[in-house]
Amino acid sequence: MKIVGLVGWRGIVGSVLLQRMQEENDLLNITPVFFSTSQFGQYGPVINNISYDILKNAYDINSLKNMDIIITCQGSEYTNQVYPKLRQKNWKGYWIDASSALRMENDSIIILDPVNYDMIISSIKKGIKTFVGGNCTVSLMLMALGGLFKQKLIKWITVSTYQAASGAGARHIIELLNQMGALYSTVQKDLLNNLTAILDIEKKVTNMSRSSNFPTDYFSVPLAGSVIPWIDKKINTGQSREEWKAHAEAQKILGYNNFTIESLCIRIGAIRCHSQTFFIKLTQELSLRNIEDIIKQHNQWVNVVPNNISDTLLKLTPAAVTNTLNIPIGRLRLLNIGKKYLSAFTVGDQLLWGAAEPLRRMLNLLINY
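Just so it is clear, the model here is predicted, and its values are computed rather than measured. (Residues numbered from 1 in each chain as written. Predicted model: local features only at pLDDT ≥ 70, side-chain atom pairs only at ≥ 80, totals over all residues. Heavy atoms only, no water.)

Peer 1: Tell me what's going on with the nonpolar core, and back it up with residues and numbers.
Peer 2: Counting 75 residues, the largest nonpolar core has Phe131, Met141, Leu142, Leu145, Leu148 and Phe149 as its most contacted members. By residue number, the principal contributor to this core is helix 12 (residues 352-367), which donates 10 residues. With near-sequence residues (within four places) excluded, methionine 141 lies in contact with Ile157, Val159, Ala246, Ala250, Ile261, Gln276 and Phe278. Formed by 16 residues, the second largest nonpolar core is a distinct cluster that contains Ala58, Ile61, Met67 and Tyr83. (Core = buried A, V, L, I, M, F, W, Y, C linked by side-chain atoms within 4.5 Å. Buried < 20%, exposed > 50% of the residue type's maximum accessible area, 1.4 Å probe, protein only. Helix = DSSP H or I, 4+ residues; strand = E, 2+ residues; numbered from the N terminus. Contact = heavy atoms within 4.5 Å.)

What follows is the structure, given as structure tokens:
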């Protein structure tokens, strides 16, 4: 069996990855070796009543060299520090990475096998050794619209993403919950008093959100009761780097470039799951029925939600999708401005298809290759 090193398995993405590997019994098909950047030398995890060896040092190049495959969810800083040293030591193993550090390198493949399976298999045959998970919203977009992309029916898309707090990390989830708690505590007594004017309650909430006592160490501004219309660093186009990824990564994943994607990325107060609105120009006129058939036939996880109130509210929200592999897409309609214009709304769990699941599936492709 392949010896597989796991790095960053305690973090939020790594925890979801390990959970999925347990659910699918992936650990039975490999010899797993658990690494840690800060707790090496301590006891390894106990999973399904199996105790694993003492944690190894994730910075120990000699230990890492013994791995046939390394999966890391540790982040770009770790990758930038360790990966070059490992390759310089002539390590010939496979590197599977959740971070963005190596995504756009010429000798790496962004992995999303329901969309680019043929490219992945071809790259393995060519000797490519580095496989990287894509940006979460890009992966979720391609899972939802894969059928239209596969038939090259998309000329351009403008995307608005509504990204959950968990996309920024575990500490950000905790801060959002602390913000919610602070707002509630401010007006808890007022909420029990039916005579309190709603504008008085709103004023107290607003004042608290602007207070120096409001917890904003990680987001830097309030998210609870608000939105943050900027994610990641600014680049010279006026976009954030998160917005730039939509076009750049989609082209690399799909392997062709005769389409354009523009994106606006917004952080919202959801705990988990990213949502996206699409405004699409198609390359040809199609009936809505035809569009729906093309979308839902692409992969087994995407499902078209009828464009009515009840189905939309029940099936097309983060609350409905969290901790599932479902990729619902709805609000589909051809627009009044022209028959080639389509709008849609989709939701997906960014910790699953947007992060952990492509890594897990890539591991299985390699061990079964």
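What follows continues from the structure just given.
Peer 1: Kindly report on the pairing of strand 7 (residues 94-97), identifying the contributing residues and their values.
Peer 2: For a regular strand, the rule is simple: side chains alternate between the two faces of the sheet. Residues Tyr94 and Ile96 point to one face of strand 7 and Trp95 and Asp97 to the other, with burial holding for every one of them. Across four bridges, strand 6 (residues 69-72) lies against strand 7 in parallel orientation. Residue isoleucine 71 lies in a different strand from strand 7, and its bridge partner there is isoleucine 96. Handedness of the crossover joining strand 6 and strand 7 through helix 3 (residues 76-88) is recorded here as right-handed. As paired strands, strand 7 and strand 9 (residues 130-133) are joined by three bridges and run parallel to one another. Bridge pairing in strand 9 places tryptophan 95 opposite threonine 130. (Pairing = 2+ DSSP bridges. Right-handed = clockwise from strand over helix to strand, strands pointing away.)

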